[in-house]
Every structure is written in structure tokens, then in C-alpha cells.
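# Coordinate inspection notes
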Amino acid sequence: MLNKKSIDDINVKGKRVLCRCDFNVPLDGSRITDETRLVAALPTIKKLIADGGKVILCSHLGKPKGPDAAFSLAPVAKRLSELLGQEVKFAADDTVVGDNARAAVAAMNDGDVILLENTRFRPEETKNGEAFSKDLASIADVFVNDAFGTAHRAHCSNVGVTKYVDTAVVGYLMQKEIDFLGNAVNNPERPFVAILGGAKVSSKISVINNLLDKVDTLIIGGGMSYTFSKAMGGHIGTSLCEDDYLQYALDMMKKAEDKGVKLLLPVDNRIGDNFSNDCNIQVVKRGEIPDGWEGMDIGPETEKLFADAVKDAKTVVWNGPMGCFEMPNFAHGTEAVAKALAETDATTIIGGGDSAAAVNILGYGDKMTHISTGGGASLEFLEGKELPGPGPIVLRTGRTEKPIGRHNGLWRFTEGQRQGIGICWKVPLYVTGKDPSSNTLFVGQKEDTFIREADISDLNLMVPRLPERALIRLRYHQQPSPATITPTETGIRITLDTPAALSAPGQIAAVYDPAGRILAGGFITKLF
């Protein structure tokens, strides 16, 4: 994923350049309340203008169900014109690439800039539909992906369009994100410290597991820390807790110990008797939260502990606040961590989302080395996943890299949510054959295509190293069935020990290892 071909490697003079940006900005009516993403896009846009490209900008905004004036990008075009010092013509067109947009593109001169309407006005956008992908490609000679905030999504405007243009590269913002996050995860200067916060363990399962293989110190705060506290036998009152992940928390603590990674958890907490800024507040030791009270922030001793842990670090990655930072009385922990990072000499990388909002709100944004513009994308990067957004981009070696992401591949084992719905990159998995006499399921990617008829070049399957023995739980079955998993040339053969598991159609809800730890899951939409 590193070393992508960028706008510095191509000549755009006189060419139509479709540039996917992330202009998903907050609006108060027609007023943009946070211009961070607009400002972040300016270097790429200015470069394309200076090089004589005909710059066609596109982005989504919000989650409209179709054309909706409340989600129009018209205010963005107006503000971009002011920031660039030249007109950004808005191509108002409910179909995004309709007659108005095509006419605007046809009339462009070198160095002109237009902005297309919200890409999500087309329902196919989020489904990576072929028709809209081709529409976008039809008005472009070159595609530039500069929207890291959507890099974890396989949509028409960042993935589908690349199939139909000859040249696809990344912009400065995307390259910066890849460089910072990629180097931090894959080639960090040590000591390497990662700080994870936020509400749920389940949302950061793969992040914790992946980072324990890479970091020297892992700090866990925020709501997710109470699951660890309860797993260790502590009393957490009404604090956030995911009981399904108590064993997982213990497993991760054991993994940290085995790998020699220092795992730091809060030693005290600020707690409240109501979820509000004006509630009664007290500070208690970890595991001593009384009934009727809930943890809202890390405590002062933990602030010192975490600050000391980053003092000598050379690389720090932070994703997730330490508490309910939106409430002033419970922002102390998050601010203490932000202050500690601001005072260190380390490369400090803030992983987007709430973390980015917190450091900016608290006034420490300009003290950080890099603040990611993509919350979900940065999280998946930290998980070790390949992101579909920058996937179909030619490497500087000239070799085309096949995209690996939610839209592609058969099976990839990873930690996932125990509910099992949509794990494994959310790829539809079909039972392509069944042999009840041997309790065997054949799993492929095409409906109504038996495994013996499948062509691996067509399916573009990924068959990883699989455990020989696993536990398979099908939908409608409470208990998983022991099974043997065997890779084939074009898929997977699952041989179940329990004949009854073949009796009901449905999805593979989850795959566990023999110890009961979640491995994967995915959709099984048809049984023969």
C-alpha cells in the first residue's frame, strides 16, 4: 500500500482530472462550521491547477437517500472559490454526471476548477455500481484519489472509477496519510507507544491484536477500559462494559505479557452518578466503582501514568478519547494525554474521528505531527487491513496492484465482532456445493456456481493459511459445530463433524478456533 504513484509522477497539462476529495464537512444551514477537510485538500488542488489540469472535484456529503438540497455541495464550491482565489464552478446536477455537468466539463480551460454535485445523490455510489463508475470515468482522463476519509469504503467515486480510466494516482493528502500511518505501523522509530480509547472493545478488536505485535507500550483508556477492569474482577458499577469480551480482554493481557509489551490500564477513574456534566463526581481506584455510578474519565493518577509512558517515546499513535471529553468535567484525561503528546519530541499521529476532534477542541491540534482526516480509515489501517480506496493505484514500479478490500476476495481471517454479520470484508460467500453424506460444504463467491465450475482468475479469490480445525456456527444454530477446513484451488472445503449443521440454510455467523476465539464470519446466502 505504500509507495503509490502520486500527482508528482504524472503530467496533467490539458487533461481532465477527476479528483476525489473528502468534503464531508459539517454545515449549519449553508455555513461550513469546520473547514479542516477543505484546507487539507488545497495543496493537491493547487498543484493540479498549476500544472494546467482541468480539475473536476467530487465528494460525498452526509448520507442523503437521493437528491436533497440539504446535502448539496454548493456551499463547498463557494468557500473553495474563496480559499483558492479563483472560481470553483458548481455543476448543479442531481444525477451528478448529467447534461449540466458534462457541459461544464466540455467548456473548461486549462487550470479551471469545477465541483460536481454530491456523489451520494446517486444510490449506486455506495454499492460501487458499474453504471455510475463509468459515468464518472467518462468525463476524466486522469483520476486522483485524495480522500483518505473514505479509503476504507469501496464506492464508485474512489474504487469503481479506477477500472475505467487509464491513469489513477493519489494526491498529496492521501500520500501523507499513507506515509505517516504506514511508517508508524510498519516501520516505527522506537520506543513505539499506541494509545487506544473510545467506548467499545468490540470496535477495536483487530487494532489491539495487531498493535500488540508491533508496539513497545499499549495504553488503553476510555469506555473500553471498563471491560478490562471487570475481566480482572473489578467492580464497575453502571460503566460501559461488553461482557462478551471479558475473556478476550484477558487473552490480550496474556498476549501482551508473552510478547513483552507493556500494557497500561487506568489505575483510577473519575465517576459520575448520572451521564451529564453536572452530575456528582468522585475519583475512585480502578475496580472500586460503586453501584449507581459509572466511569466517565480516567483519574489524576492515571493521567500521570500515561503521560510518563509517552515521555521517552519516539512514535505515538492515538485513537480514541480517554473519557467523555465533550463534557468539560470529564475532559481532563483526554486533555492530559493531548498535553503530554504536545510536550514530547516524538512523532505524534492522531487517528482521526473523536481523537482529532478532541485535540482540536482542546487547542493542541497544531502541536501534533499529523492528524488523520479519516477516523474509520485510520482505524482499519491500524488493524493491518488493506484499504480498498487507495488499492487500485499503480505502484511506482509500474506494476498494477490488485485492490484488496470489502469488495474483493473470498476469505480473510481476522478478528471480528461476535455477532458475525458482515465480517470477512463483508464479501458475499455462497455455498457452492454440498455433500450431506460427508457433511461437507463448499464455499465460493458466485451464486449458483459449483466449485468445480469456478475459475480462480474470474473470482480473484484470496485463500489464506487456514487452521485445519475450527468451530463453525451457522445461523439458527446456537452452538458451533467442530469442523475441518481445507483450502481448495478455488475456495474452501468445510467438513462439519455434526450432520445437523447442514440442515438449515443461512449464513456462517462465525468461525472460531478450537479455543473458542473468534476468527471470522461472513454471509452464506444460499444452500443447495
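Here we summarise the structure given alongside this text. Predicted, not measured: the structure shown is a model, and the values here were computed from it.

## Let's talk about the overall build of the protein
Scanning the protein from terminus to terminus reveals 13 helices and 26 strands. A total of 528 residues make up the protein; the buried ones form 56% of that total. The long-range fraction of contacts in the protein, counting pairs at least 24 apart against all pairs at least 6 apart in sequence, stands at 69%. In the form shown here, the protein has an accessible surface area of approximately 21,900 Å², with 47% of it arising from carbon and sulfur atoms.

## Observations concerning the sheet that holds strand E13 (residues 268-272)
Ordered by their spatial adjacency, 3 strands build an open sheet running E14-E13-E16, and the pairing between neighbours is antiparallel. Two strands in the sheet have a free side with no partner beyond their single neighbour: strand E14 (281-285) and strand E16 (294-298). Averaged over neighbouring strand pairs, the angle between their axes works out to 40 degrees when direction is ignored. As paired elements, E13 and E16 share 4 bridges and run antiparallel to each other. Within the sheet, the bridge partner assigned to Gly-272 lies in E16 and is Glu-294. Across the face of the sheet, helix H9 (residues 300-311) comes into contact with E13, E14 and E16 while running at roughly 140 degrees to E13. Packed onto the sheet, helix H10 (residues 332-343) meets E13 and E16 and runs at close to 20 degrees relative to E16.

## Examining the pattern of salt bridges
Within the structure shown, the criterion is met by 24 salt bridges. Measuring nitrogen to oxygen at the nearest pair gives 2.6 Å for the salt bridge that ties Lys-339 to Glu-343. Of this pair, Lys-339 and Glu-343 both sit in helix H10, separated by 4 residues, roughly a single helical turn. With relative accessibility at 40%, the residue Lys-339 sits in the partly exposed group. Residue Glu-343 is classed as exposed on the basis of its relative accessible area, which comes to 56%. Across the salt bridge formed by Asp-366 and Lys-367, the nearest N and O atoms sit 3.5 Å from each other. For Asp-366, a relative accessible area of 64% translates into the label exposed. What you see here is one network of salt bridges that share partners, running through Arg-102, Arg-122, Glu-124 and Asp-135.

## Details of the packing of helix H1 (residues 36-50) against helix H2 (residues 74-84)
Packing of H1 against H2 leaves a shortest axis separation of 11 Å and a crossing angle of 65 degrees. Between H1 and H2, the crossing angle belongs to the class labelled roughly perpendicular. Where H1 crosses over H2, the handedness of that crossing is right-handed. Here Leu-38, Leu-42, Ile-45, Lys-46 and Ile-49 of H1 come into contact with H2, specifically with Val-76, Arg-79, Leu-80, Leu-83 and Leu-84. Here the residues of the contact of H1 with H2 sort into 8 nonpolar, no polar and 2 charged.

## Notes on the pairing of strand E9 (residues 192-196)
Moving residue by residue along a regular strand, the side chains alternate between the two faces of the sheet. Along E9, 5 of the 5 residues are buried, which leaves the element largely enclosed by surrounding structure. With burial as the criterion, each face of E9 is covered, one bearing Phe-192, Ala-194 and Leu-196 and the other bearing Val-193 and Ile-195. Across 5 bridges, E9 lies against strand E17 (residues 315-319) in parallel orientation. Paired with Leu-196 across the bridge in E17 is Asn-319. Regarding the hand of the β-α-β motif, the stretch spanning E9, helix H6 (residues 205-211) and strand E10 (residues 217-220) is right-handed.

## Section: the packing of aromatic side chains
Scanning the model with the defined rule gives 1 aromatic pair in all. Taking the centre distance of 6.4 Å and the plane angle of 85 degrees together, the rings of Tyr-245 and Tyr-248 count as edge-to-face. Residue classification places Tyr-248 among the buried positions, given a relative accessible area of 6%.

## Some remarks on the environment of Asp-22
By the secondary structure assignment, Asp-22 is in the loop between strand E1 (16-20) and strand E2 (27-28). If near-sequence neighbours (up to four positions away) are discounted, Asp-22 is found in contact with Arg-37, Ser-59, His-60, Ala-147, Gly-149 and Thr-373. For Asp-22, the side chain forms a polar contact with the main-chain nitrogen of Asn-24, separated by 3.2 Å. Here Arg-37 takes part through its side chain, which lies 3.4 Å from a polar atom of the side chain of Asp-22.

## Topic: the nonpolar core
Of all hydrophobic cores here, the largest spans 30 residues; its most connected members are Ile-208 and Leu-218. Of all the elements in the fold, those that place two or more residues in this core are helix H5 (172-186), E9, H6, E10, helix H7 (225-231) and helix H8 (246-259). If sequence neighbours within four positions are ignored, Leu-218 has contacts with Ala-194, Leu-196, Ile-208, Leu-211, Leu-212, Val-261, Lys-262, Leu-263 and Leu-264. Within the second largest apolar cluster, 29 residues are counted, among which are Val-25, Ile-32, Leu-57 and Val-142.

## A few points about helix H4 (residues 130-138)
Taken as a whole, H4 has its buried residues at Phe-132, Ser-133, Leu-136 and Ala-137. Within H4, the buried residues cover an arc of 140 degrees as seen down the axis, which keeps them to one side. Considering only its buried residues, H4 is in contact with E1 and strand E6 (113-116).

## Brief notes about the state of the cysteines
On inspection of all chains with the given rule, the structure shows 0 disulfides. Left without a disulfide partner, Cys-21 is nearest to the cysteine sulfur of Cys-19, which lies 3.7 Å away. Using a relative accessible area of 1% as the deciding quantity, one classes Cys-21 as buried. Free cysteine Cys-324: the closest other cysteine sulfur is in Cys-279, separated by 9.2 Å. For Cys-324, a relative accessible area of 15% puts it in the buried group.

## Considering the sheet that holds strand E18 (residues 347-350)
Read from one edge to the other, the open sheet built from 6 strands follows the order E12-E10-E9-E17-E18-E19, with strand pairing classed as parallel. Among the strands making up the open sheet, the edge pair consists of strand E12 (262-264) and strand E19 (370-371). Here E17 runs beside E18; their pairing, made up of 4 bridges, is parallel. Among the inter-strand pairings, Val-316 is bridged to a residue of E18, identified as Thr-348. Each of E9, E17 and E18 is contacted by H10, which is oriented at about 155 degrees to E17, the strand it contacts most.

Conventions we followed
Sequence order as written defines the numbering, with residues in each chain counted from 1. Local features in a predicted model are, by the rule used here, given only for residues with pLDDT of at least 70; side-chain atom pairs are given and counted only at 80 or more, and totals for whole chains, interfaces and linings are based on all residues. Note that the side-chain values use all heavy atoms of the structure and ignore hydrogens as well as water. Counting from the N terminus, the helices are DSSP H or I runs at least four residues long and the strands are E runs at least two residues long. Burial here depends on accessible area, computed with a 1.4 Å probe over protein chains only, as a share of the maximum for the residue type. Under 20% is buried, over 50% is exposed, and the range in between is partly exposed. What makes two residues a contact is simply this: any of their non-hydrogen atoms within 4.5 Å. Working definition of accessibility: Shrake-Rupley area with a 1.4 Å probe, residue cover restricted to the visible protein chains. Strands are treated as partners if at least two bridges between them are detected by DSSP. Fitted lines through C-alpha atoms give the axes, limited to the stretch in contact for helices. The angle between two N-to-C directions lies from 0 to 180 degrees. We define a salt bridge as a contact between a side-chain nitrogen of Lys or Arg and a carboxyl oxygen of Asp or Glu at a distance within 4 Å. Geometric relationships in this document are graded by angle, where less than 35 degrees denotes roughly parallel, more than 145 denotes roughly antiparallel, 65 to 115 denotes roughly perpendicular, and other angles denote oblique. By definition, any crossing whose near helix is turned counterclockwise from its far helix by less than a right angle is left-handed, and any crossing with a clockwise turn is right-handed. Basically, the charged four are Asp, Glu, Lys and Arg, the nonpolar ten are Ala, Val, Leu, Ile, Met, Phe, Trp, Tyr, Cys and Pro, and anything else, Gly included, counts as polar. Handedness of a crossover is defined as follows: with both strands directed away from the viewer, a clockwise route from the first strand across the helix to the second makes it right-handed. Planes of paired rings set the category: under 30 degrees apart is stacked, over 60 is edge-to-face and the rest tilted, where pairs are Phe, Tyr or Trp rings (Trp by its six-membered ring) whose centres lie within 6.5 Å. The definition of a polar contact used here is a pair of N or O atoms within 3.5 Å, where within protein one atom must be able to donate a hydrogen and the other to accept one, and adjacent residues in sequence count solely through side-chain atom pairs. Here, nonpolar core means buried Ala, Val, Leu, Ile, Met, Phe, Trp, Tyr and Cys residues that are tied together by side-chain atoms lying within 4.5 Å of each other. This arc is taken over the directions from the axis of the helix to the C-beta atoms. Any two cysteine sulfur atoms lying within 2.5 Å of each other are counted as a disulfide.

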